[in-house]
Every structure is written in structure tokens, then in C-alpha cells.
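Topology and contacts: notes
Listed below are the residues making up each chain.
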Amino acid sequence: AQSVAQPEDQVNVAEGNPLTVKCTYSVSGNPYLFWYVQYPNRGLQFLLKYITGDNLVKGSYGFEAEFNKSQTSFHLKKPSALVSDSALYFCAVRDGYAGNNRKLIWGLGTSLAVNP
Amino acid sequence: GAGVSQSPSNKVTEKGKDVELRCDPISGHTALYWYRQRLGQGLEFLIYFQGNSAPDKSGLPSDRFSAERTGESVSTLTIQRTQQEDSAVYLCASSLEVVPGLANTGELFFGEGSRLTVL
């Protein structure tokens, strides 16, 4: 069965420091992986995705994520955090070879707080 | 339209009444999802439409919930005999099928949501 885990409910980081939001997954085939961000009182916005190709994916707002097949991880990273990055982050996965079942499976979210 | 549009943005209703929420996906998007999000919580999957395939209704919490989609256009989510525990933001999202290397494929585009309050 497909699953996604975001092991940290909350991550706190000082402004200017690097940040990491963790995500691990389980799918039977090759994964399609996504990160989304939800700012307070807003809808979700797409950040980046891994479908195939380079393991390091760059996305919006200076975020990047590295697909690690051996560790089944897709951690979100940013070299230097901004206070405005404070938000709720969701990781999602689907099986790339699931035929008609293309439903995304979502993590429970990680709340990122960047302190000035 | 340019993005996913949901209406109403806010709905306050009395317990026991029926409500209908509407989602206008991005034109041409074959997949459409409904999610429920309670305050400060994650996404709760409700239903998924993919082209002409039978919808995946596995997330609907009870038979009071139903959803329809006509072709690849508008979808409506109906909640009958609303209960206080139905209070939440209902999010709709649409997407194109993944095309490796092509932007804007595979990722979900979300509407701003419909906030439902059941008194």
C-alpha cells in the first residue's frame, strides 16, 4: 500500500539558517513525489515535484528537494530560511505505474516556524 | 478560467440543512479532487474523478456526502442533513496527467476552498 510519512509535526529554525522538512514514502512502483505549501488562511500551492531525471529538484521560492531511492525519502530543503517561509508543508506521492489509480497520498503536514 | 474556482467561499448553515459546494476546475484538466481540511489539520481525501473512469469515492465519510462531475468540467459536492462535525474547509483541486519533463503536469492546482460552518 502507498503511504507517506512526515515524521515531524513542527520544525523551528532561525532566519538565515538552512531548513529541512522530512518526507519518506512507500509505493510499489516508481514514485511521483510532490511538495505543497499552505500559508495561513490560504489554499495549497505547488512547490516542486520529482517525476524522473535528476534527483535534485528545484522549485518555487528557493526550495529544493532530493529524491533518494535507497532511503525512500524526498526531503524539502532551503539553504537560508526566511520568516515568510513560515507555513504548513505537505508531501504527497503517487505510484507512477498505477494504471487508472492515480490518486495522490498525502502526508499529515509539517508546520514550519522561522524565527527572526 | 485561469485557476480553480470554488463557490461559495463561505457558507453558514443550520444543522440538518443540505449544502452544495461547487468547483470549476482549470479547463482541460482531467483529474479533480475534493478534500476536507479541519482547522490546523491535514488534508482528508473525499473523492477523486479521473476522466471517464469511475470515481474513487473511498474517502466519503458517510452516505450524507455525494459528488458529481459532468465530463471534465464542473463538480458539485453535496452534504445532506449537515452535522456540526461537517464544519471544515472543503478544498477542490484539478490536474493534468503527468508528462515527464513538462511543467504544469501532474501537480494539483487548488482552489481557495469553501469554508462551511454548521451551527
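Residues numbered from 1 in each chain as written. Chains lettered and ligands numbered in written order. Predicted model: local features only at pLDDT ≥ 70, side-chain atom pairs only at ≥ 80, totals over all residues. Heavy atoms only, no water.

1. Let's talk about the state of the cysteines
Formally: Any cysteine sulfur atom paired with another within 2.5 Å is treated as part of a disulfide. Strands here are runs of E lasting at least two residues and helices are runs of H or I lasting at least four, both read from the DSSP assignment and numbered beginning at the N terminus. Per-residue accessibility, obtained with a 1.4 Å probe over protein chains only, is compared with the maximum for each type, and a residue is labelled buried under 20%, exposed over 50%, and partly exposed between these values.
Evaluated as defined, the whole model comprises 2 disulfides over all chains. The disulfide partner of Cys 23 of chain A is Cys 91 of chain A, and the S-S distance across this bridge is 2.0 Å. Disulfide Cys 23 of chain A-Cys 91 of chain A: the torsion about the S-S bond is -65°, which places it as left-handed. On the criterion of sequence distance, the pair formed by Cys 23 of chain A in the loop between β3 (19-21) and β4 (24-26) and Cys 91 of chain A in strand β10 (residues 87-95) is long-range, its members being 68 residues apart. Here Cys 23 of chain A and Cys 91 of chain A have matching classes, each one buried. Disulfide pairing is shown between Cys 23 of chain B and Cys 92 of chain B; the S-S distance is 1.9 Å. A torsion of -65° about the S-S bond marks the disulfide between Cys 23 of chain B and Cys 92 of chain B as left-handed. Taken together, the residues span a long stretch of sequence, with Cys 23 of chain B in strand β3 (residues 19-24) and Cys 92 of chain B in strand β8 (residues 88-95) at a distance of 69 residues. An identical accessibility class is assigned to Cys 23 of chain B and Cys 92 of chain B; each is buried.

2. Observations concerning the confidence of the model for chain A
For clarity, the cut-off: pLDDT: the predictor's confidence for each residue, scored from 0 to 100.
Chain-level pLDDT for chain A is 92 on average; 97% of the residues reach the 70-or-more range. For chain A, strand β11 (residues 105-106) of chain A is the element with the lowest average pLDDT, namely 90, and strand β9 (residues 73-78) of chain A is the one with the highest, namely 98.

3. Topic: the environment of Lys 77 of chain A
Residue and element names in this part refer to chain A. Test applied: Two residues qualify as a contact provided that any one of their heavy atoms is within 4.5 Å of a heavy atom in the partner residue.
Among the structural elements, Lys 77 can be located in strand β9. Taking relative accessible area as the criterion, Lys 77 reaches 34% and is therefore assigned partly exposed. Those residues in contact with Lys 77, other than ones at most four positions away along the chain, are Leu 19, Thr 20, Gly 62, Phe 63 and Glu 64.

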